[in-house]
Amino acid sequence: MSFSARYDEYARPRPERSTQSSHFLAPDCAGLDFYALDRGLQDLLRLYLPAGAHAQLLPQFQRMGQLAGGRLNTLATVADKYPPVLHARTRWGEDEDWIEYHPAYQEMEHIAFADFQFHAMSHRAGVLGCDAPLPPVAKYALQYLFVQSEFGQMCPISVSDTSIHLIRKFGSPALQERLLPRMLSSDPAVLWKGTQFMTEKTGGSDVGALETVARHADGIWRLHGEKWFCSHTDADVALLLARPEGAPGGTRGLALFAMPRRLEDGSRNAYRIVRLKDKLGTRSMASGEIRLEGAQAYLVGEADQGLKHMMEQVNLSRLSHGVRAAAMMRRCLNEAMLAARHRRAFGRDVMAYPLLRRQLLKLLTPTEAALSMVMAAADIMRRAQEGDSAAAQGLRLLTPLLKLRTCRDNITVATGAMEIRGGNGYIEDFVNARLVRDAHIGVLWEGTSNINALDAIQRAVRKDRAHEALSALLETRLEEAAAVPAAWRATLRACLRRAVGLAQAVGAEEKHEAQVRRAASALYYASAAVFMAWESCQPGVDARRLLLADAVLRHYLLPADPLRDAGEGGETQGDTLMLQEAPLTLAQVLPALAAPA
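Definitions and limits used
- Residues numbered from 1 in each chain as written.
- Predicted model: local features only at pLDDT ≥ 70, side-chain atom pairs only at ≥ 80, totals over all residues.
- Heavy atoms only, no water.
- Salt bridge = Lys/Arg side-chain N within 4 Å of Asp/Glu carboxyl O.
- Helix = DSSP H or I, 4+ residues; strand = E, 2+ residues; numbered from the N terminus.
- Buried < 20%, exposed > 50% of the residue type's maximum accessible area, 1.4 Å probe, protein only.
- Polar contact = N/O pair within 3.5 Å; in protein donor to acceptor, adjacent residues only side chain to side chain.
- Contact = heavy atoms within 4.5 Å.
- Phe/Tyr/Trp six-rings, centres within 6.5 Å; stacked < 30°, edge-to-face > 60°.
- Lys NZ or Arg CZ within 6 Å of the ring centre and 35° of its normal.
- Pairing = 2+ DSSP bridges.
- Core = buried A, V, L, I, M, F, W, Y, C linked by side-chain atoms within 4.5 Å.
- Domains from an automatic or database assignment.
- Buried area = accessible area lost by both parts, 1.4 Å probe.
- Arc of directions from axis to C-beta.
- Axes fitted to C-alpha atoms, helices over the stretch in contact; angles between N-to-C directions.
- Parallel < 35°, antiparallel > 145°, perpendicular 65-115°, else oblique.
- Left-handed = near helix turned anticlockwise from the far one by under 90°.

Caption draft 1: Structural view of the pattern of salt bridges. Per the counting criterion, the structure on display carries 45 salt bridges. In this structure, arginine 262 engages glutamate 96 in a salt bridge whose closest nitrogen and oxygen atoms are separated by 2.4 Å. In this pair, arginine 262 is assigned in the loop between strand S7 (255-260) and strand S8 (271-276) and glutamate 96 in the loop between strand S1 (85-87) and strand S2 (98-100), connecting sequence segments 166 residues apart. Each of the salt bridges in this network shares a partner with another, and the network as a whole consists of Asp38, Arg330, Glu368, Glu535 and Arg545.

Caption draft 2: Quick look at the side chain of lysine 139. Within the element layout of this structure, lysine 139 appears in helix H6 (residues 136-147). Judged by relative accessible area, lysine 139 falls into the buried class, the value being 5%. Looking at lysine 139, its side chain comes within polar contact range of the side chain of serine 122, at 3.0 Å. In this view, lysine 139 contacts Phe118, Met121, Ser122 and Asp161; residues no more than four positions away in its chain are not counted.

Caption draft 3: Highlighting the packing of aromatic side chains. Summed over all chains, the structure comprises nine aromatic pairs. On the numbers, 5.4 Å between centres and 75 degrees between planes, the contact of phenylalanine 118 with phenylalanine 146 is edge-to-face. Of this pair, phenylalanine 118 sits in the loop between helix H5 (103-115) and H6 while phenylalanine 146 sits in helix H6, and the two are 28 residues apart along the sequence. Residue phenylalanine 118 is classed as buried on the basis of its relative accessible area of 0%. A connected cluster of aromatic rings, assembled from ring pairs, spans Phe116, Phe118 and Phe146. The ring centre of phenylalanine 113 lies 5.3 Å from the NZ or CZ of lysine 193, which sits over that ring.

Caption draft 4: The pairing of strand S6 (residues 237-244), seen in detail. Here S6 lies mainly inside the structure; eight of its eight residues are buried. On S6, burial covers both faces: Val237, Leu239, Leu241 and Arg243 on one face and Ala238, Leu240, Ala242 and Pro244 on the other are all buried. Pairing analysis gives four bridges linking strand S3 (residues 194-197) to S6, with the strands arranged parallel. Bridging from a neighbouring strand, threonine 195 pairs with alanine 238 of S6. Pairing of strand S4 (residues 213-217) with S6, which is carried by two bridges, proceeds in the parallel orientation. Bridge assignment links valine 213 to a residue of S6, and that residue is arginine 243. Relative to S7, S6 runs antiparallel, the two being bridged by six bridges.

Caption draft 5: Just the nonpolar core, in detail. Within the largest apolar cluster, 202 residues are counted, with the highest numbers of intra-cluster contacts made by Met259, Met375, Ile457 and Trp488. Beyond its immediate sequence surroundings of up to four residues, methionine 375 is in contact with Leu41, Leu44, Leu45, Tyr48, Val137 and Ala141.

Caption draft 6: Molecular detail of the domain arrangement of the protein. Here the domain parsing of the protein yields domain 1 (26-184), domain 2 (194-304) and domain 3 (309-559 + 569-592). Across the interface of domain 1 and domain 2, roughly 2,500 Å² is buried in total on both sides, 62% from carbon and sulfur atoms. Together, Leu86, Asp97 and Ile99 form the three largest contributors to the area buried by domain 1 at its contact with domain 2, with a combined 20%. Remark: the boundary between domain 1 and domain 2 carries four salt bridges. Linking domain 1 with domain 2 are 11 residue pairs in polar contact (both at pLDDT 80 or more). When contributions to the side of domain 1 that touches domain 2 are tallied by element, the ones reaching two or more residues are helix H4 (71-81), S1, S2, helix H7 (154-170) and helix H8 (173-183).

Caption draft 7: Seen up close, H8. Among the residues making up H8, those that are buried are Leu175, Leu179, Leu180 and Met183. Take H8 and look down its axis: the buried residues cluster within an arc of 100 degrees, on one side only. Turned more than 90 degrees from where H8 packs its buried face, Pro173, Glu177 and Pro181 sit exposed. At its buried positions, H8 is contacted by H7, S3, S6, S7 and strand S9 (287-300).

Caption draft 8: Just the packing of helix H10 (residues 354-385) against helix H11 (residues 389-421), in detail. Where H10 meets H11, the axes come as close as 9 Å, and the angle between the chain directions of the two elements is 155 degrees. Relative to H11, the element H10 is oriented roughly antiparallel. For the pair H10 and H11, the sense of crossing is left-handed.

Here it is as structure tokens:
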């Protein structure tokens with residue numbers, strides 16, 4: 001039996017006809033086209049991509065959508081059940097620690113690094129037949145589709161991509177010549193994948209307390225110490241922070257290094273993978289602990305600017321985490337919608353029950369908000385890369401807001417979708433259990449919720465004044481949404497200004513630190529509502545996005561009385577429209593706006 005035939009059963013769609021009553025069970029999304037399912041993504045890609053780029057890349061979006069629901073879905077299911085295994089020695093007794101991966105994981109690597117070349121698409125021409133690097137909107141859209149089936153593999157993809165960015169920006173010409181041809185290759189025999197090791201036993205967020213030491217002798221830097229949580233443990237190049245001997249304590253004394261797994265003569269560098277982590281989620285991808293025993297490394301940038309350089313990678317990774325969280329929410333929503341539309345209980349379709357419909361709306365609203373925030377942030381990143389300083393300032397604040405809120409919302413959405421499928425959602429045969437497990441890593445990797453909220457409010461707002469650029473952009477978007485009633489826009493504008501004022505007030509004094517998450521969440525939801533309202537007015541975009549903006553406004557930004565009369569809490573006309581499958585026009589949507597004007 002071939003590998004494919006042996007494991008296809010893990011993701012086989014529900015039989016349409018059966019003598020064993022399986023047709024009573026709700027189907028799942030296995031075998032579906034994830035691009036075709038996602039009208040919101042289709043609309044926003046047409047909106048945010050130039051027409052020529054959209055036409056050229058549309059076949060790739062469609063191909064990835066089919067892969068994500070088909071072959072990739074099967075591979076991800078199998079790889080999650082057969083996690084990597086660490087071998088400390090070769091069969092000859094040599095200390096040559098290596099990690100064994102299941103063939104399903106290796107095939108996903110080929111799709112990511114050789115076929116789609118995710119790691120290189122921001123950095124060089126030639127990827128997917130394009131004569132220039134892909135714009136951020138296109139890259140993140142492809143990641144968004146990929147992650148709907150496989151979350152673990154996105155870590156090696158992202159850290160390879162961001163490692164290339166740091167070496168291109170801060171590495172010496174000699175270091176770039178040594179590493180970049182390998183790191184940008186699409187040939188698996190040549191390619192060097194990248195990673196980032198930061199966490200030590202002293203802590204993850206408290207980077208200044210790290211204990212790894214860098215010693216310089218005979219023109220070579222050697223690293224000594226341990227790294228406690230190393231995802232993509234066996235990458236070919238690891239970027240990591242260490243303190244050169246004699247450097248001051250705290251973050252000011254840290255330098256950034258690039259550490260190859262193998263030296264130029266092909267021998268193994270002097271560090272060991274001590275063990276792999278037994279993780280709650282992301283089981284397909286290896287995370288482990290390493291011991292540095294005089295490993296050779298190359299200095300990247302200035303020796304006293306290590307943390308500043310590394311934070312560029314961290315911020316890019318945070319943005320990628322927002323994309324991943326949005327993607328997993330979409331998969332959860334799709335699973336929940338499919339289950340709800342194909343289940344019957346007590347003689348009725350469950351979609352007809354008001355309580356179930358209310359639960360679906362609680363999944364739909366944050367999922368669509370996350371998609372709009374991802375696409376808007378990616379478009380702002382493009383403008384920043386083209387030299388727009390205001391866009392760069394706006395992105396500075398949007399990045400931690402996106403990471404904070406999407407990763408937290410993802411946990412809620414994943415749990416709600418599992419509940420809608422019922423008991424099968426708790427069983428590992430279905431994807432919901434994996435989605436719940438994987439969702440939780442988002443609030444840990446690249447800074448906890450507290451760290452991202454502090455970065456947004458106490459640094460981006462207070463120190464960098466980034467809210468001024470973001471606020472100006474959002475005010476412009478509101479003005480451009482002229483088809484929306486002025487009174488409704490005035491309500492949203494008032495909420496936006498209050499959210500900005502709250503962020504300023506909380507960031508102004510240390511005594512308000514306990515409020516930073518509340519302030520950051522308010523800014524996130526105000527931004528999402530503005531972007532969705534603007535999108536709804538653009539040609540070719542489903543006007544449902546205005547109802548979604550209205551839902552964000554009502555449920556996240558405006559005051560609500562938890563003891564209001566029973567008659568005031570029912571399903572609104574807008575709620576009913578949002579759960580319909582057909583696209584909506586502004587003429588249908590405007591009378592259904594429910595937020596007070």
